[in-house]
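Examining the three-dimensional arrangement
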Amino acid sequence: MSTFPIASARLPNHVGSARSSIVRAGAKPSTQCPVTRFLRWWSLPKWMGFAPQPTADEFPELPLEPNSPDPQRATATRSFLEEVQGNILSTHHRGDCVGLWLFAFAHPKAHAANCAVVNAAAGRVTSAWEQYTIPREQSVRSLLFTGSGLLACGALGRADGSGSFPPDLTFWLRGGMIQRTELKAWMHDPVDSKNRPTTWEEHYTGSFDGAWLVSAPTLSDLETRLREVREWAEPLGLKHVEYEQGRVWRPGSAPVDDGAHPRKKPPAREPFGYVDGISTQHFFPLGRQNPHLLSTELDDVFLDGALNRLHRGGSFMVLRKLEQNVRAFREHQQTSGQSAADNIIGRTPDGTPLAAMGRHPNDFDFSNDESGSLCPFSAHIRRANPRKVRSESFFKQFFRFLGGTPKPEPELHLVRRGVVYGSDQDLQNPAGVTDKVGLLFMAYMSNLDTFRVLQGNWFRLSNFPVGNQPENVGDALIYGLPKTDTRPARGWITPKGGAYLYVPSLPWLRNLKPETGQP
Ligand code: HEM
């Protein structure tokens, strides 16, 4: 079996200490040998594993410290936070309810009018800086566009790539996730003879142009806030398509406050009952930063300004509505045992990784489990993030560093911000529930390839790379079964829809120009 597409197109460009420059560019050419640099410069095709040559556009240093005593660092961080939309660097401020208002432009060809709506909307979008400074309970609003939404503003380049997005992105955005190649080659969603998805909800199969993502303390508050956005936007020319409502689901006892410690909420879980979000990255506030951010850097999440200064700080979001058949999962748990169920996820329900861990449940890798005896290679978290599998000697690491050679295991370069959907009642009593609860999977990344490769290859190929060598490690059971598979797990997750969305920077929203439709 061919192995080339396994590695992420965003091959790790993180090599050792070169990450720690005060203001960093997208990559570290200084750590690469001249040949590697030359090849990168020529931007060899992605399937060969070379990312395009990044530019010298700068992102602030991590950790983000807008209150740093170093005024230069503080200013750079603050101005960056003012440019990017909320919800990307940290989950929505919220009492844990998050909704999407999917909309369409009433007049898709009226580019100038649509640009004017976008300019006006900029004032209603919460920047990361506002999210950083407002109380956690307050709402965060983001604005995202599908390819058809960008077309309606004239902001998506023509097929010849002369627009403000690069040609490959233009292609994916223009056709969206629903296009045949995406569904068949990458998502592997069930399709009919005409390559239309058979399980998707109607509003995902038609076209919607964008979404307002809104958070609120309670579901009823969320409804009010979504309605407010809609009441503001409809007179300006946005049409209602659908609402999606989700929440961070925290079953279990009420928060405890023992006086000595801050009030602790029960952990968030996904509908199968496993603690979720353990490995989700928060870049702020500092106290909430995940101590094990893994390898995620700002250029994994945000576009730099190489293409156009106003794209700097923009991001892409992948949205997937994934229905979970909780009853079937529970039956499997009962008939095959708890550990069989845990093997599917790679963690126990309380989040403990099956491979040994350090002090934090995200502080582990698989270097003590090269054979997959502790955590099977097919486990969801092992597929989704292979981490380190083989220990390397100091010399091997050193020579790899000198050569600019990537780490043997593919690295994960996205941040997840998903929430659960379904009524309280269905989530609490899942015994009879087969089709009403699931995950609104949302993830931000600077390159859509990250998701496509993860979904299409890491989750699906049985020859999965382990320490640079593809090994036959079996199929991932959660969200990765081949069409021919007849095991019951095949029916556990049903894709109900999905979209690729562009999440522009605030300057982009403000400056989108009516005349050309390009910022
Ligand atoms: C309904 C389907 C899904 C369920 C039930 C599910 C469940 C889980 C659970 C329980 C965890 C462990 C908690 C954590 O590490 O934070 C996890 C982690 C993760 N999931 Fe999923 N997930 C689903 C779909 C997806 C999809 C579609 C993707 C991406 C294409 C994905 C990517 C990840 C990643 C990247 C991690 C973190 C792995 C790590 O860093 O160790 N998941 N998921």
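Everything below is about the structure printed above this text.
Residues numbered from 1 in each chain as written. Predicted model: local features only at pLDDT ≥ 70, side-chain atom pairs only at ≥ 80, totals over all residues. Heavy atoms only, no water.

**Quick word on the nonpolar core**
The following threshold applies: Here the nonpolar core consists of buried residues drawn from Ala, Val, Leu, Ile, Met, Phe, Trp, Tyr and Cys, with membership extended through side-chain atoms lying within 4.5 Å. Each residue is assigned to one of three classes by its accessible area relative to the maximum for its type, calculated with a 1.4 Å probe on protein chains only: buried under 20%, partly exposed between the two thresholds, exposed over 50%. Contacts: residue pairs with any heavy atoms within 4.5 Å of one another.
Within the largest apolar cluster, 113 residues are counted, with the highest numbers of intra-cluster contacts made by L89, F145, L150, W212, F302, M317 and W508. Excluding anything up to four places from it in sequence, F145 contacts F103, F105, V118, L150, D209, G210, Y500, L501, Y502, P504, W508 and L509. One finds F364, F366, A379 and I381 within the second-largest nonpolar core, a separate group that totals six residues.

**Brief notes about the pattern of salt bridges**
Operational definition: Whenever Lys or Arg places a side-chain nitrogen within 4 Å of a carboxyl oxygen from Asp or Glu, that contact is recorded as a salt bridge. A run of H or I in DSSP counts as a helix once it spans at least four residues, and a run of E counts as a strand once it spans at least two, with each numbered from the N terminus.
Applying the stated rule across the entire model yields 17 salt bridges. Linking K321 and E201 is a salt bridge whose minimum nitrogen-to-oxygen distance equals 3.0 Å. Taken together, the residues K321 in strand 5 (residues 315-324) and E201 in the loop between helix 7 (180-187) and helix 8 (202-205) connect sequence positions 120 residues apart. Relative accessible area serves as the criterion here: at 7%, K321 is assigned to the buried category. Overall, the relative accessible area of 23% leaves E201 in the partly exposed class. Among the ionic pairs, D369 bridges to R382, the shortest N-O distance being 3.1 Å. Of this pair, D369 sits in the loop between helix 12 (338-345) and helix 13 (380-384) while R382 is found in helix 13, placing the two residues 13 residues apart along the sequence. We classify D369 as buried; its relative accessible area is 1%. Several salt bridges share partner residues, and in doing so they unite E61, E65 and R73 into one network.

**Overview of the coordination of the iron atom of the ligand**
We count it as follows: In this analysis a donor is any N, O or S atom within 2.8 Å of a metal ion (3.2 Å for sodium, potassium and calcium), and since water is not included, sites may seem incomplete.
Exactly one protein atom donates to the iron atom of the ligand; that atom is H380 (NE2), 2.0 Å from the metal. Looking at the secondary structure, you find H380 in helix 13.

**Comments concerning the site of the ligand**
How we decide: Throughout, the term near means that a residue has one or more heavy atoms lying within 4 Å of the molecule or strand in question. Definition of a polar contact: a pair of N or O atoms within 3.5 Å, with one able to donate and the other able to accept a hydrogen when the atoms are protein atoms, and with sequence-neighbouring residues admitted only if both atoms are side-chain atoms. Classes in brief: Ala, Val, Leu, Ile, Met, Phe, Trp, Tyr, Cys and Pro nonpolar; Asp, Glu, Lys and Arg charged; the others, Gly included, polar.
In the vicinity of the ligand lie 27 residues, with I278, S279, H380, R387 and R416 positioned nearest. Contacts to the ligand include D276, whose side-chain N or O atom sits 3.5 Å from an oxygen atom. In this structure, an oxygen atom belonging to the ligand sits 3.3 Å away from a side-chain N or O atom of R347. Those elements giving two or more residues to the shell around the ligand turn out to be strand 5, helix 13, strand 8 (438-445) and helix 16 (449-458). Split into classes, the residues belonging to the shell around the ligand amount to 16 nonpolar, six polar and five charged.

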